[in-house]
Amino acid sequence: MRLFDRAFTGSDEMFALAEAAVTKTIDKLGADAPVAFGSTAYFLPCIYAYTGRKITKLSELKDVLEPVKGWLTRNYRLNDVFTSGIATVLAAEIIEACKYAENPTPYEEKYHGHMTDAEVRELGVPLVTQDIPGFVVIIDEAPTDAQAQVLIKGYQSRGIFVFLLKGAIDQAERCGIKMGFPVRIVPVGPGIEAVSHIISVVVRAAFIFGNVQPGDWEGFNKYSFERIFAFVNAFGPLENITVGCGAGAIAMGFPVITNDTVDVDVVPKSLIIQTNIDDLIETSLEARDIKIKVSNIDLPVACASAFEGEIIRKADMFCEADGSRKDCFELVRTKELHEVEDHKIELIGQDFDAMEVGCKINLAIIIDIAGKNMQSDFEPVFERKIHNYVNCLEGVMHTGQRDLIRIRVSKSSFEAGFRVKHFGELLYAKMKNDFSQVVDKCQVTLVTEPELVTKLRKEANEIYDKRDARLRSLTDESVECFYTCTLCQSFSPSHVCIVTPERLGLCGAVSWLDAKSTNELQPSGPCQVVTKTKVIDEAKGAYEDVNEAVSTYSHGALDKVTLYSIMEDPMTSCGCFECICGIEPMSNGVIIVNREYAGSTPLGMTFAELASMTGGGVQTPGFMGHGRHFIASKKFMKAEGGIARIVWMPKALKDSVAERLNISAKELYGIDNFTDRIADESISEDPDTLMAYLSEKGHPALEMEPMM
Ligand code: SF4
Ligand code: NI
Ligand code: NI
């Protein structure tokens with residue numbers, strides 16, 4: 001059978017399975033039974049993307065069979081193969097939807113199945129920073145387990161996000177590979193129809209970040225081709241149904257690389273044969289034009305962004321530096337050129353060899369930097385990067401910053417040869433590499449000697465205090481300029497963040513100081529200076545210069561924004577925001593929801609549903625994506641009366657911002673313990689109990705002017 005026939009036959013097979021699944025499920029549950037994947041605002045995402053239909057019940061699912069069948073044309077033209085490939089994916093989603101209609105959690109522990117909107121949004125920042133340079137979908141088993149292990153770990157260590165289907169999952173399991181969304185190896189499902197959950201991530205990225213509209217067939221294929229660097233590794237012998245799905249992948253711009261040579265015709269850049277499994281990674285990356293930044297740091301353990309999400313349990317731990325129990329800290333200092341010896345890595349105190357398994361240690365990490373363009377304002381920016389760098393080590397976990405760090409080193413990393421000085425090697429290499437414009441010389445001192453760490457920590461605290469005083473003095477009024485950030489434009493082409501001292505980027509990862517240092521490091525990069533001399537309305541944060549910048553950098557998509565209003569020309573969102581804030585009409589207030597919160601809100605909407613109201617660089621008055629840190633800012637919704645409007649937040653979010661929020665509320669309105677007046681999910685999840693609580697507590701929003 002020729003390739004086209006195989007694809008068409010496979011598409012027909014998938015469709016027949018979909019038809020049978022719908023009939024069986026309707027027989028069992030009735031045509032009115034609901035159907036949903038949960039935790040998404042995009043219905044059945046693939047079907048919604050390609051047909052524009054909002055399917056919520058089985059009868060509607062049945063109705064969609066007809067158009068899907070209509071796309072299975074069996075004309076021997078390339079375009080028809082592509083169309084029926086997409087139809088195959090939609091049929092696969094129909095099968096999956098039937099499973100979820102019968103049981104909201106159809107997959108046991110082992111498989112991940114549907115991915116939530118929050119998970120898709122979480123990918124935003126690592127994608128734009130190229131921490132995740134691409135995605136691979138591995139289908140079926142590699143010839144040997146050893147090859148599978150090398151392949152999967154090879155992708156992981158290059159930062160490639162790995163989805164596994166069918167036999168590939170069993171194989172990874174046999175190899176003892178740790179799987180899960182946080183370590184970026186996702187065992188999606190045991191059947192090929194689970195491929196629809198992967199395409200569902202792709203189309204939702206297009207909805208969320210690209211503002212592609214439902215039903216825009218061309219728009220989705222174009223977005224996936226241009227912005228999502230994905231490809232497929234399918235091991236032979238290929239089943240026809242897999243070939244049918246492969247046609248869909250190729251239609252979206254994702255090349256398929258296989259080791260199957262039987263009845264497979266090569267299509268340049270799209271369908272590629274590679275029988276040498278050792279070369280599979282290279283062939284695949286080349287096919288999708290993915291370039292990997294290589295770092296040649298000599299370390300006994302792997303170092304890749306995929307290990308950032310890795311958790312090390314007590315039982316697996318060799319030792320721990322825990323700043324809440326024993327003195328520990330990390331610090332970046334600016335020094336004169338003659339004071340720093342480049343690449344000097346010094347350890348003062350004992351190394352791991354002299355320590356006992358499970359012990360708590362003292363640890364100081366001091367990085368001294370000298371450079372003609374170095375400024376002390378960059379110290380906190382570089383220092384925060386220590387977290388990302390150290391966390392990327394396999395078998396090492398890092399949380400916190402300054403003197404509240406916690407670093408765990410696993411037994412297996414110790415056994416692999418990891419020692420204290422390797423922190424120094426890693427940090428030296430990263431600082432020199434990532435900040436080459438300002439770091440001429442760098443040396444790292446590591447201290448484990450307890451008395452010395454205690455003494456040095458006191459000195460470090462004085463430096464932190466000085467820095468905090470400097471940060472407090474940085475207000476929107478006190479600085480000369482703001483900055484743009486257009487990093488997210490690779491996914492959200494018309495979005496621009498304006499970053500000010502009191503309003504960080506909505507992803508939470510770019511503060512004014514970060515933007516300033518990025519501007520210094522990459523003068524023609526994503527962070528450009530925005531002057532603020534032409535004031536239109538200071539209370540709203542409206543400036544002619546800001547509008548000009550927004551218009552230029554959004555390529556004309558937007559002509560004005562205000563910095564401090566949620567109602568009038570609010571700042572746009574790309575999709576990777578940490579929090580979303582929306583109007584609660586009864587109380588004249590707003591609610592704020594963070595991405596991690598999965599429950600409902602008094603607006604009757606989840607984070608996913610609220611988040612879908614805005615994004616893609618479009619202005620939506622009444623809804624605004626923002627960073628966590630912005631919540632306690634005196635500029636938060638200043639135009640509408642400020643933080644006094646906040647009436648509801650999930651408890652965990654409220655607790656995490658309470659200290660700073662209460663200080664701001666005291667300073668702005670003289671209110672003590674303001675967060676006590678803000679409701680959360682333990683108090684109310686509907687407007688009536690919310691209103692009762694707010695009246696009881698005398699919440700200031702009730703006295704304020706209506707916002708609409
Ligand atoms: Fe994206 Fe804005 Fe964060 Fe820049 S500041 S990375 S544009 S969300
Ligand atoms: Ni790690
Ligand atoms: Ni973004």
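By the naming in an unreviewed UniProt entry, the protein goes by CO-methylating acetyl-CoA synthase and is assigned to Sporobacter termitidis DSM 10068.

Overview of the pattern of salt bridges
Summed over the entire model, instances satisfying the criterion amount to 45 salt bridges. In this structure, Asp145 engages Arg174 in a salt bridge whose closest nitrogen and oxygen atoms are separated by 2.8 Å. Separated by 29 residues along the polypeptide, Asp145 in helix α7 (residues 145-157) and Arg174 in helix α8 (residues 167-174) bring together distant segments of the chain. Judged by its relative accessible area of 48%, Arg174 falls in the partly exposed class. Between Glu320 and Lys360 there is a salt bridge, with the nearest N and O atoms lying 2.4 Å from each other. Here Glu320 is found in strand β7 (residues 317-322), whereas its partner Lys360 is found in strand β10 (residues 359-361), with 40 residues between them in sequence. Residue class for Glu320 comes out buried when judged on its relative accessible area of 0%.

Here's the deal with the coordination of the nickel ion (ligand 3)
Surrounding the nickel ion (ligand 3) are the protein donor atoms Cys488 (SG), Cys574 (SG) and Cys576 (SG), which sit 2.1 to 2.3 Å from the metal. Linear spacing of the donor residues for the nickel ion (ligand 3) on their chain is C-x85-C-x1-C. Linking Cys488 in the loop between β15 (481-485) and β16 (497-499) with Cys576 in the loop between α18 (544-553) and β20 (579-584), this pair joins segments that are 88 residues apart in sequence. Since its relative accessible area comes to 14%, Cys488 is described here as buried. The buried category is assigned to Cys576, whose relative accessible area is 1%.

Quick word on the packing of helix α13 (residues 379-391) against helix α15 (residues 420-434)
Here α13 crosses α15 at 120°, and the two axes come no closer than 10 Å. As judged from the angle between their axes, α13 and α15 are oblique. Crossing geometry of α13 relative to α15 is assigned as right-handed. Contacts from Phe382, Ile386, Tyr389 and Val390 of α13 reach α15 at Phe423, Leu426, Leu427, Lys430, Met431 and Asp434. Residues belonging to the contact of α13 with α15 are distributed by class as follows: 8 nonpolar, no polar and 2 charged.

Observations regarding the sheet that holds strand β2 (residues 161-165)
With respect to topology, 6 strands assemble into an open sheet ordered β3-β2-β1-β4-β5-β6, the strand pairing being parallel. Each edge of the sheet is formed by a strand with only one pairing partner; in this case those strands are β3 (185-189) and β6 (271-273). Here the average twist between neighbouring strands, direction ignored, is 20°. Pairing of strand β4 (residues 230-234) with strand β5 (residues 256-258), which is carried by 3 bridges, proceeds in the parallel orientation. Bridged to Val232 within β5 is Val256. Relative to strand β1 (residues 135-139), α7 is tilted by about 170°, and along the sheet it contacts β1, β2, β3 and β4.

Remarks on the packing of helix α3 (residues 58-70) against helix α4 (residues 78-102)
Following both chains from N to C, one finds α3 and α4 inclined at 165°, their axes separated by 11 Å at the closest point. With respect to each other, α3 and α4 are oriented roughly antiparallel. Like other packed secondary-structure pairs, α3 and α4 cross with a definite hand, here left-handed. For the pair formed by α3 and α4, the contact residues are Leu58, Leu61, Val64, Leu65 and Val68 on the first element and Ala87, Leu90, Ala91, Ile94, Ala97, Cys98 and Ala101 on the second.

So, the site of ligand 1
Residues in contact with ligand 1, as listed here, are Cys485, Leu487, Cys488, His495, Cys497, Gly505, Leu506, Cys507, Val510, Cys574 and Cys576. Residues that form the shell around ligand 1 fall into these classes: 9 nonpolar, 2 polar and no charged.

A look at the side chain of Thr445
Examined against the element boundaries, Thr445 turns out to sit in strand β14 (residues 441-447). Exposure remark for Thr445: the relative accessible area of 12% places this residue in the buried category. The residues touching Thr445, leaving out its near neighbours within four places in the chain, are Glu346, Ile348, Ala364, Ile365 and Ile366.

Focus: the sheet that holds strand β11 (residues 363-370)
A sheet is described by the order of its strands in space; here 4 strands give the open sequence β8-β11-β14-β9, paired in mixed fashion. In this open sheet, the two edge strands, each paired with only one partner strand, are β8 (328-334) and β9 (345-348). Taking the axes of each pair of neighbouring strands and ignoring which way they run, one obtains an average angle of 15° across the sheet. Pairing between β8 and β11: 7 bridges, direction parallel. Paired with Leu331 across the strands is Ile366, a residue of β11. Its contacts with the sheet place α13 against β8 and β11, and it is angled at close to 140° to β8. Strand contacts of α15: β9, β11 and β14, with the helix running at about 155° to β14, the strand carrying the most contacts.

Side note on the domain arrangement of the protein
For the protein, the assigned domains read domain 1 (3-287), domain 2 (317-444) and domain 3 (481-703). Summarising the inter-unit geometry, the C-alpha centres of domain 1 and domain 3 are found 35 Å apart. Taken residue by residue, the interface counts 20 residues in domain 1 and 21 residues in domain 3. When domain 1 packs against domain 3, the two sides together hide about 1600 Å² of surface, and 65% of this comes from carbon and sulfur. Taken together, the connections running from domain 1 to domain 3 amount to 0 salt bridges. Taken together, the connections running from domain 1 to domain 3 amount to 6 residue pairs in polar contact (both at pLDDT 80 or more). For the side of domain 1 that touches domain 3, the elements supplying multiple residues, two or more each, are α5 (117-122), α6 (124-128), α9 (195-210) and α10 (217-227).

Details of helix α17 (residues 512-521)
With 9 of its 10 residues buried, α17 lies for the most part within the structure. Here α17 has its buried residues at Trp512, Leu513, Asp514, Ala515, Lys516, Ser517, Thr518, Asn519 and Leu521. In this fold, the buried residues of α17 make contact with α13, α16 (450-473), β15, β16 and β17 (529-531).

Side note on the pairing of β4
The buried fraction of β4 is high, at 5 of 5 residues. Across the two faces of β4 the burial is the same, with Ala230, Val232 and Ala234 and Phe231 and Asn233 all buried. Where β1 lies against β4, 5 bridges are found, and the strand directions are parallel. Bridged to Val137 within β4 is Val232. After leaving β4, the chain enters helix α11 (residues 240-251) and then returns to the sheet as β5, a path that is right-handed.

Here we look at the side chain of Ser224
Checked against the element boundaries, Ser224 lands in helix α10. One polar contact links the side chain of Ser224 to the main-chain carbonyl oxygen of Met252, over a distance of 2.8 Å. Residues contacting Ser224, with those up to four places away along its chain left out, are Val202, Met252, Phe254 and Arg288.

Side note on the pairing of β3
Across the 5 residues that make up β3, a large majority, 5, are buried. Here 4 bridges tie β2 to β3, and the two strands are oriented parallel to one another. Following the sheet pairing, Phe163 is matched in β3 by Val186. With α8 bridging β2 and the parallel β3, this β-α-β connection has right-handed handedness.

What counts, and where the lines are drawn
Residues numbered from 1 in each chain as written. Chains lettered and ligands numbered in written order. Predicted model: local features only at pLDDT ≥ 70, side-chain atom pairs only at ≥ 80, totals over all residues. Heavy atoms only, no water. Salt bridge = Lys/Arg side-chain N within 4 Å of Asp/Glu carboxyl O. Helix = DSSP H or I, 4+ residues; strand = E, 2+ residues; numbered from the N terminus. Buried < 20%, exposed > 50% of the residue type's maximum accessible area, 1.4 Å probe, protein only. Donors = N, O, S within 2.8 Å, 3.2 Å for Na, K, Ca; no water. Axes fitted to C-alpha atoms, helices over the stretch in contact; angles between N-to-C directions. Parallel < 35°, antiparallel > 145°, perpendicular 65-115°, else oblique. Left-handed = near helix turned anticlockwise from the far one by under 90°. Contact = heavy atoms within 4.5 Å. Nonpolar A, V, L, I, M, F, W, Y, C, P; charged D, E, K, R; others polar. Pairing = 2+ DSSP bridges. Near = heavy atom within 4 Å. Domains from an automatic or database assignment. Buried area = accessible area lost by both parts, 1.4 Å probe. Polar contact = N/O pair within 3.5 Å; in protein donor to acceptor, adjacent residues only side chain to side chain. Right-handed = clockwise from strand over helix to strand, strands pointing away.

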